[in-house]
Amino acid sequence: MNKKQGMQSVVFANPPIITSTANIVGPMEGEGLLQGYFDYIMPDNLNGLASWEQCESYLMEYAIKKAVAKENSEMEDIDCVFAGDLLNQLMSTHFAMKNLKRPFLGLYGACSTMVEGMLLSAILLDGGFFNKIVAAASSHHDAAERQYRFPNELGVQRPPGAQWTVTGSGAVVVSKLGNGPRITTATIGKVVDYGIKDPNAMGPAMAPAAVDTIWQHLQDTERVPTYYDMIFTGDLGSVGRDLVIQLLQEKGVDISANYQDCGCMIYSEEQDAHAGASGCASSAIVLCGFIYKRLMTSKLKKILFLGTGSLHSTTSYQQKESIPCIAHAVSIEM
Amino acid sequence: MHISDLGGQNKKRLNYKIAQHRTYNLKKGDNMTNEINKKQEQTQEKMQQLEYQNKVDNITPKPPLFKNICWAFVVGGLICILGQLIADYFEGLGLSKKDASAYATAILVFLGSFFTGLGLYDDLGKRAGAGSIVPITGFANSIVAPAMEFKREGYVFGVGAKMFVIAGPVLVYGMVTAFIIGLIYWIRQ
Amino acid sequence: MVFVVGGGLCVIGQLLMDLTALTPAHVLVLFVVLGGVLSGLGLYQPLVDIAGAGATVPLLGFGHALVTGTIEDINNFGFLGIFSGALKATATGIMAAVVFGFFMAVLFNPKGKGG
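Residues numbered from 1 in each chain as written. Chains lettered and ligands numbered in written order. Predicted model: local features only at pLDDT ≥ 70, side-chain atom pairs only at ≥ 80, totals over all residues. Heavy atoms only, no water.

Caption draft 1: Region of the structure containing the layout of surface pockets. Reported here for the second largest pocket is a volume of approximately 980 Å³. Secondary-structure elements contributing two or more residues to the lining of the second largest pocket are α2 (65-92) and α3 (97-117) of chain B together with α3 (44-51), α4 (53-56), α5 (59-77) and α6 (81-107) of chain C. Broken down by element, the lining of the second largest pocket gets its largest block of residues, nine residues, from α3(B). Taken together, the residues that form the lining of the second largest pocket break down as 13 nonpolar, 15 polar and nine charged. (1 Å grid on protein atoms, 1.4 Å probe; cavity = no way out; pocket = protein on both sides within 12 Å on 5 of 7 lines; lining within 4 Å. Points joined across faces, edges and corners; volume = space filled by probe spheres on them. Helix = DSSP H or I, 4+ residues; strand = E, 2+ residues; numbered from the N terminus. Nonpolar A, V, L, I, M, F, W, Y, C, P; charged D, E, K, R; others polar.)

Caption draft 2: Here's a closer look at the domain arrangement of chain A. Residues and elements named next belong to chain A. Taken domain by domain, chain A comprises domain 1 (4-175) and domain 2 (184-333). A C-alpha centroid distance of 17 Å is found between domain 1 and domain 2. With 59 residues of domain 1 at the interface, the matching set in domain 2 holds 59 residues. Summed over both sides, the interface of domain 1 with domain 2 buries roughly 4,800 Å², with 62% coming from carbon and sulfur. A per-residue breakdown of the area domain 1 buries against domain 2 is headed by Q8, C111 and Q163, which together make up 17% of the total. (Domains from an automatic or database assignment. Contact = heavy atoms within 4.5 Å. Buried area = accessible area lost by both parts, 1.4 Å probe.)

Caption draft 3: Broad picture of the state of the cysteines. This structure, assessed with the given rule, holds zero disulfides over all chains. Between C70(B), a free cysteine, and C10(C), which holds the nearest cysteine sulfur, the sulfur-to-sulfur gap is 13 Å. The class for C70(B) is partly exposed, based on a relative accessible area of 32%. Free cysteine C80(B): the closest other cysteine sulfur is in C10(C), separated by 5.7 Å. Take C80(B): its relative accessible area is 0%, and that puts it in the buried class. (Disulfide = S-S within 2.5 Å. Buried < 20%, exposed > 50% of the residue type's maximum accessible area, 1.4 Å probe, protein only.)

Caption draft 4: Main features of the packing of helix α2 (residues 52-70) of chain A against helix α5 (residues 141-148) of chain A. All names here are of chain A. Where α2 meets α5, the axes come as close as 8 Å, and the angle between the chain directions of the two elements is 130 degrees. One element, α2, and the other, α5, form an angle in the oblique class. Taken as a pair, α2 and α5 cross one another with a handedness that is left-handed. Facing α2, whose interface residues are W52, E53 and E56, α5 presents D142, A143 and R146. (Axes fitted to C-alpha atoms, helices over the stretch in contact; angles between N-to-C directions. Parallel < 35°, antiparallel > 145°, perpendicular 65-115°, else oblique. Left-handed = near helix turned anticlockwise from the far one by under 90°.)

Shown next as structure tokens:
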């Protein structure tokens, strides 16, 4: 049976189940809007480790172990792990996976990594290859900042459209059997580039990719936006969110009533994060805490969840290239 | 071989050449239309990008210019006054203007480095912007910040090398400027 | 005057950062070059005479010092001055920046911003 539907989507015959999630964040995220939806809040951004990069490895290791422990499984029950982060050559992920000793496939989708991992997990589970897969993603503000922009102690001003990279990690256990919300469809995104070059404008760079994938998903599945209780994007921030609504309106689709961006849900105004959150962990920590709890308590029943990634590097930026972006989507239904 | 055969062969050759020429021209034409299409696509893409950039510019919040300027003016001015006070003090001790100014520079550089080490200079920079970047203390900040942060990469490739990621270009272009102006001055002398 | 000129130069830097795509690193480089060129045209010394530290403390003053040092050495030693003057005049600042920078980096650890 062909499970592909439309141009870029798959519909699962035996929708896999998200049986468990876990997340961990830094102190700033812990003081934000989603207090009470985190499994662990670190006292500082090093957590007693020697470097920010080591701390990020710890974040991911913690999230994966916690997610597995929460559904009373052992690490040995996990058939495969899909994970990734923002640092060069997936540094944090690889050191976390060294300790976890499970079969592992590294993913780089920048901030779309979480959804990329989830949709691959769902495909392999629906295909009958595995029984239990973990998908995880992490980011660390200071580690990312010094790789992508300036040293942290440099006295620079961030423009008001800039976003704040989240320190944290989220992991989901996706299983063939069990209780929980199901991943019913997935839409794989294309690389979209509208020529934005400013690395401080992540939201505007990624918005067209999100629009492309949302539009394609609705076409492929022949659904209307109101089919979903909520549509979430990963880390577009307030500027990117407004652009998504505007661009979709131009295509004749109105999602303003049931759309929110995870990047706008983490920090409060007073935290001076400017246009909101970004980073792999932005979508991961919101999904693995707040959204999952809402699904489990049936306050949300059907959601479309998008990971949005900007695929630039420091080299591409310095060579004045524009920012290629991607967005993947999964629909999760209770 | 009969003469008429030769003619036939020549004819064949001629026909072949004509055919070749035609396909060549056709291909050339194709290439031209392809190129035109490509150019049209490119300009369309550029238009689309420009249009989108405009949308983004309209929606992106602007920096609070007036507030930023006030902060930059006051903080920048105060740092300069501090420099002047130090220079005046050393002049009062009987040093020449030049030496006093050198002391002031060294002390400002020390203060910039020290407050960067304490993790306070970036907090100032967040508000003051250019007010704390443009004075010589900002130059010191640009040296200490990366040096400190890349200590984990070791003392040679970390501290030693990264120290100059921002200060390096400043020195390079400063020296090149001095060289060019010196050269012009020497030639005109 | 020190305050007004020093603050004013910083405001120019702020305008460059806010209204153009220039990063702080670009502004620093631009200011050093600008200071050097203005000094070469004989326009910066009057500003130093009026404003003192208001003109020497901003990074334009560093460019000015590089160029005046070069010209002074050319006057004293001829052609060789093109190569010797700039660093001689700014040696204190550069030595201080590198040495203090090194010791601060050894002494302190970065705090990061998430905490």
